[in-house]
Amino acid sequence: MALEITNILSFGCAVLKTALLALPAIAAELPEHRITNIFEPLATPAESEKNIALLVIAITGTVFVGVAGLIAYTIWRFRQPSHEPHSEEPPQVYGSNQIEVAWTVVPILIAFVLIGVSARVIAAVENASPPQAALKVTVIGHQWWWEVLYPDYGIVTANEIHMPATADHKNATYLQLQSADVIHSFWLPQLSGKTDLIPNRTNYMWIDPHSPGIYLGNCAEYCGTQHANMLLTVVGEDPKDFKQWTIEQQKRAVDDPQGSEGKAVFESLACVNCHNISGSGQASAGAKFGPDLTHLMSRKTLGTGVIKNTPDNLRAWVNDPQIAKPGCLMPSMRLTPGELTKVVNYLETLR
Ligand code: CUA
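One structure accompanies this document, and this report is about it. (Residues numbered from 1 in each chain as written. Predicted model: local features only at pLDDT ≥ 70, side-chain atom pairs only at ≥ 80, totals over all residues. Heavy atoms only, no water.)

Turning next to the overall build of the protein. Along the backbone of the protein there are 9 helices and 12 strands. The burial tally for the protein puts 37% of its 351 residues in the buried class. Long-range contacts, defined here as pairs at least 24 residues apart, represent 64% of the contacts in the protein between residues at least 6 apart. For the protein, the exposed surface amounts to about 20300 Å²; the carbon and sulfur share of it is 62%. (Helix = DSSP H or I, 4+ residues; strand = E, 2+ residues; numbered from the N terminus. Buried < 20%, exposed > 50% of the residue type's maximum accessible area, 1.4 Å probe, protein only. Contact = heavy atoms within 4.5 Å. Areas by Shrake-Rupley, 256 points an atom, 1.4 Å probe, with all protein chains shown as cover.)

Enumeration over the complete set of coordinates arrives at 3 salt bridges. A salt bridge links K288 to E147, with the nearest nitrogen and oxygen atoms 2.9 Å apart. Here K288 is found in the loop between α6 (271-274) and β11 (301-302), whereas its partner E147 is found in strand β2 (residues 145-150), with 141 residues between them in sequence. Residue classification places E147 among the buried residues on the basis of a relative accessible area of 4%. In this structure, K263 and D255 form a salt bridge, with 3.9 Å as the shortest nitrogen-oxygen distance. (Salt bridge = Lys/Arg side-chain N within 4 Å of Asp/Glu carboxyl O.)

An α-helical turn contains 3.6 residues, so any two residues separated by three or four positions project in the same direction. Between its terminal C-alpha atoms helix α3 (residues 97-127) stretches 44 Å, which fits the 45 Å expected from 31 residues at 1.5 Å a residue. Residues L114, V121 and V125 constitute the buried set of α3. Buried residues along α3 sit in contact with α2 (44-77) and β8 (203-207). (Expected span 1.5 Å × (residues − 1).)

Now for the packing of α2 against α3. At their nearest, the axes of α2 and α3 sit 10 Å apart, and the two run at 175° to each other. Between α2 and α3, the interaxial angle falls into the category roughly antiparallel. Facing P45, S48, E49, I52, L55, V56, I59, T60 and V63 of α2, the residues of α3 in contact are I110, V113, L114, V117, S118, V121 and V125. Class assignment for the residues of the contact of α2 with α3 results in 12 nonpolar, 3 polar and 1 charged. (Axes fitted to C-alpha atoms, helices over the stretch in contact; angles between N-to-C directions. Parallel < 35°, antiparallel > 145°, perpendicular 65-115°, else oblique. Nonpolar A, V, L, I, M, F, W, Y, C, P; charged D, E, K, R; others polar.)

On to the sheet that holds strand β6 (residues 184-188), then. Pairing within the open sheet is mixed, and its 5 strands lie in the order β4-β10-β9-β6-β7. Unpaired on one side and paired on the other, β4 (160-164) and β7 (192-197) mark the two borders of the sheet. Taking the axes of each pair of neighbouring strands and ignoring which way they run, one obtains an average angle of 25° across the sheet. Of the pairings in the sheet, the one linking β6 to strand β9 (residues 213-219) comprises 2 bridges and is antiparallel in character. Bridge pairing in β9 places F186 opposite C219. Contacts from helix α4 (residues 239-250) reach β4 and β10 (231-237), with the element oriented near 135° to β4. (Pairing = 2+ DSSP bridges.)

This next bit is on the packing of helix α7 (residues 311-319) against helix α9 (residues 337-348). Relative orientation and spacing of two packed helices are given, respectively, by the angle between their axes and the distance between those axes. Two elements in contact, α7 and α9, have axes separated by 10 Å at closest approach and are oriented at 125°. With respect to α9, the axis of α7 lies oblique. The interaxial crossing formed by α7 with α9 has right-handed handedness. On α9, the residues that touch P311, L314, R315, V318 and N319 of α7 are P337, L340, T341, V343, V344, L347 and E348. Taken together, the residues of the contact of α7 with α9 sort by class into 8 nonpolar, 2 polar and 2 charged. (Left-handed = near helix turned anticlockwise from the far one by under 90°.)

If you trace the backbone, L302 turns up in strand β11. Spatially, the C-alpha atoms of L302 and P321 are 9.7 Å apart, while their sequence positions differ by 19 residues. Discounting residues that sit within four places of it in the chain, L302 has contacts with L296, I307, K308, N309, N313, L314 and W317.

Bringing the nonpolar core into the picture now. Counting residues in hydrophobic clusters, the biggest one holds 27 residues, and the most contacted among them are V139, W146, Y150, I161 and F186. Core analysis: the second largest hydrophobic core is formed by 23 residues, C271, V272, L293 and W317 among them. (Core = buried A, V, L, I, M, F, W, Y, C linked by side-chain atoms within 4.5 Å.)

Over its 12 residues, α9 extends 16 Å from the first C-alpha to the last, a length consistent with the 16 Å expected when each residue adds 1.5 Å. Within the span of α9, buried status applies to L340, V343, V344, Y346, L347 and E348. Among the structural elements, α5 (260-268) and α7 are those in contact with the buried residues of α9.

In this structure, the amide linkage connecting Q143 to the following residue, W144, adopts the cis form with an omega of -5°. Positive phi outside glycine occurs at N159, with the angle close to 70°. Position of N159 relative to the elements: it lies in the loop between β3 (155-158) and β4. By relative accessible area, which is 10% here, N159 ends up buried. For N200, which is not glycine, the phi torsion reads 60° and is therefore positive. Tracing the backbone shows N200 in the loop between β7 and β8. Residue classification places N200 among the exposed residues on the basis of a relative accessible area of 83%.

Everything listed here is a matter of geometry and, on its own, says nothing about what the molecule does.
Below is the structure:
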């Protein structure tokens, strides 16, 4: 028995050591620091949520300091004197109506104040209408990536949501949130609170980033093995840059001779059952099980934010996605080195 425990312990230590050794390597691969701060809001909904968070922290902090202070004072004030080690119990107080009423009514009042102010802010954020010219974007959660549609532009993309960002509050993005499988949650701490994506239901939210930049977030509802690697990237852009991006995204995939051999390999494999590349022939038309690859190289990351989109990473990812994202639904196609080179060359033409 003791031997078993020792074995388990040493196995645990070995696993921990491997994990710790692997950590710096993984962290170096991550594109940016992913944990963003709800106390640095950069959009209207996030600002109201920060204010309410501060108020709630102030109220609950005061309660904590009051209660903990009283307990500490009581422990100190009524400690057993050292010169009188076996003193009697102090008088016990029962049935004091004043004390009972005070410690029942005061917490109830505090709870109602907290419920009231929170409900008011939630209602204000949910009921606020976005500006007239809001951009419409549909986000569909999948295990473990985000499908992103721009219905007014006919754009289909994945994992990276581009939207205009201006300080004048005139540009907002109205999001329709859906799910293709299980419940996910859309969370960009600097832009807004969390909203669930639920199968057979559409939820809505709107955000208006106040300055161009990259906003990071992640899925905030456990949705399976790779939930932690279901990362979100919002690229807030100057309206002119956003317009340019939409023009590029509306184009069909380029027909670059560099990729023709790889394209033939790609189309001969099961890749086309999951990934659409517009203009790559009938086989992949409408395939939605995996991200649309028409403009793959315009995106900053692979595997939904797990690794940077570099040529080496792309090759490693196509060779075996299970290394960077174990459990993800894309299998290794077990390509020969020659086929792999051709397919990667083709994918690199998809700008
Ligand atoms: Cu999707 Cu967690």
